[in-house]
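# Observations on chain architecture
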Amino acid sequence: MLKPGTTDYKRERNAALYDRLNIVIPKGRKQTVEAYAQEHDLSVNGLINVLLRDALGMTEEQWRDSEGE
């Protein structure tokens, strides 16, 4: 069993709880996206989650509930 707090433990836990997406955007837009996220007190990941959740018409609870697919 892995010890909580170790890198391997965190990696295994994240793999069990989250899916990963890799997005690509036009060259030169990364800084714009990062600045926009920061202006709204979000990480880029948090911003993408908010935008996707809103586009899909889900509440935060529905978005986090993977059983509700």
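Our subject is the structure listed above.
Residues numbered from 1 in each chain as written. Predicted model: local features only at pLDDT ≥ 70, side-chain atom pairs only at ≥ 80, totals over all residues. Heavy atoms only, no water.

Each helix and strand counted, the chain has four helices and zero strands in total. For a compact globule of 69 residues, the expected C-alpha radius of gyration is about 11 Å, and the chain comes in at 15 Å, more than 25% above that figure. Burial status across the chain gives 6% buried among its 69 residues. If you sum the accessible surface of the chain, you get close to 6800 Å²; carbon and sulfur atoms cover 50% of it. Between the averaged position of the 10 positive side-chain charges in the chain and that of its 12 negative side-chain charges there is a distance of 10 Å. (Helix = DSSP H or I, 4+ residues; strand = E, 2+ residues; numbered from the N terminus. Rg over C-alpha atoms; globule rule 2.2 N^0.38 Å. Buried < 20%, exposed > 50% of the residue type's maximum accessible area, 1.4 Å probe, protein only. Areas by Shrake-Rupley, 256 points an atom, 1.4 Å probe, with all protein chains shown as cover. Lys, Arg positive; Asp, Glu negative; His and termini not counted. Charge placed at Lys NZ, Arg CZ, Asp CG, Glu CD.)

Looking now at the pattern of salt bridges. This model, assessed by the stated rule, comprises three salt bridges. Asp54 is paired through a salt bridge with Arg53; the nearest N and O atoms lie 3.9 Å apart. The salt bridge partner of Glu60 is Arg64, with a shortest N-O separation of 3.0 Å. With Glu60 and Arg64 both in helix α4 (residues 60-64) and four residues apart, the pair spans about one turn of that helix. According to the relative accessible area criterion, Glu60 is partly exposed, its value standing at 41%. (Salt bridge = Lys/Arg side-chain N within 4 Å of Asp/Glu carboxyl O.)

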